[in-house]
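Per-entry structural report
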Amino acid sequence: MKIIISLHIYLFTGHFHTPTYVLEHLATFTVSPENDLVYPADGMRRLLAMEKTNGIWTQKMLMKVDAKSMGVNIIDQENKEIVERLPLDLVREPTAFTSNDPKELYNNILIYIVGHPPEESPTPAEMHIFQCNNVRARDVVEDLKSYMAGGHGTSRHRGRHT
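Not measured: the values here are computed from a predicted model.

Attention shifts here to the nonpolar core. Of all hydrophobic cores here, the largest spans 23 residues; its most connected members are M63, V72, I74, L110, Y112, V140 and L144. For this core, the secondary structure elements donating two or more residues are β1 (20–30), β2 (59–66), β3 (71–76), β6 (108–114), β7 (126–133) and α3 (137–148). Per-element accounting of this core gives the leading share, 5 residues, to α3. Filtering out sequence-adjacent residues up to four positions away, L110 remains in contact with L23, M63, T95, H128, I129, F130, C132, A137, V140, V141 and L144. Within the second largest apolar cluster, 16 residues are counted, among which are L26, A27, M44 and I56.

Okay, here's the thing in structure tokens:
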């Protein structure tokens, strides 16, 4: 009964839950057919190729989904500065790539595209790629999709840094 009561208080008082996820930024690519980067699967393929050739430098980040401002904030975990503010209405195709193989280095990947579709804007979109820590990439995708649809996320709190 207590859970139901607190849920009602949450819904009716207008308080917004702001989920925060601990992530490692792996790469950002420009989305374009010329680069063979159009879909999240293309980004995953490029990431794995990059790992074999150049290696990947990671940076610990926090990703906050803010329902109030309808945005996604990417924050440097060390100095807590906002690195990027992304309008939620420009976030497209959040996708999780997961693997249970313990040998797989990139086994909990979140990829999403930020920007207008090519038919709507000449400005190229960007593809952001992260390894999720302490939370399943699928849960982050589910939350992003919920916020994108006008909801307030799933509020499961599993493994989230708040």
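There is more to say, and it comes next.
Turning our attention to the side chain of D42. The residue D42 is located in helix α2 (residues 40–53) in this model. With residues near it in sequence (within four places) discarded, D42 still touches D36 and L37.

Our next topic: the pairing of strand β4 (residues 82–87). The side chains of a regular strand alternate between both faces of the sheet. Direction of pairing for β3 relative to β4: antiparallel, over a ladder of 5 bridges. Its bridge partner being in β4, V72 is matched across the sheet by L86. Hairpin connection, β3 to β4: the antiparallel pair is bridged by 5 residues, and K80 has positive phi, about 65 degrees.

What follows covers α3. Along an α-helix, a turn takes 3.6 residues, which lines up residues three or four apart on a common side. Its 12 residues give α3 an end-to-end C-alpha distance of 16 Å, which sits within 8% of 16 Å, the value for a rise of 1.5 Å per residue. Buried within α3 we find A137, D139, V140, V141, D143, L144 and Y147. On its buried side, α3 packs onto β1, β2, β3, β5 (91–98), β6 and β7. After α3 finishes, the residue G150 shows a positive phi value of roughly 95 degrees.

Spatially, 7 strands are ordered β4-β3-β2-β1-β7-β6-β5 in an open sheet, and the strand pairing comes out antiparallel. Since the sheet does not close on itself, it has two edges, and those belong to β4 and β5, each with one partner. Sheet twist, expressed as the mean angle between neighbouring strand axes with direction ignored, is 30 degrees. Bridging between β5 and β6 involves 6 bridges; their strand directions are antiparallel. Paired with T95 across the strands is I111, a residue of β6. Running at roughly 85 degrees to β1, α2 makes contact with β1, β5, β6 and β7 of the sheet.

Reading the values: the criteria
Residues numbered from 1 in each chain as written. Predicted model: local features only at pLDDT ≥ 70, side-chain atom pairs only at ≥ 80, totals over all residues. Heavy atoms only, no water. Core = buried A, V, L, I, M, F, W, Y, C linked by side-chain atoms within 4.5 Å. Buried < 20%, exposed > 50% of the residue type's maximum accessible area, 1.4 Å probe, protein only. Helix = DSSP H or I, 4+ residues; strand = E, 2+ residues; numbered from the N terminus. Contact = heavy atoms within 4.5 Å. Pairing = 2+ DSSP bridges. Expected span 1.5 Å × (residues − 1). Axes fitted to C-alpha atoms, helices over the stretch in contact; angles between N-to-C directions.

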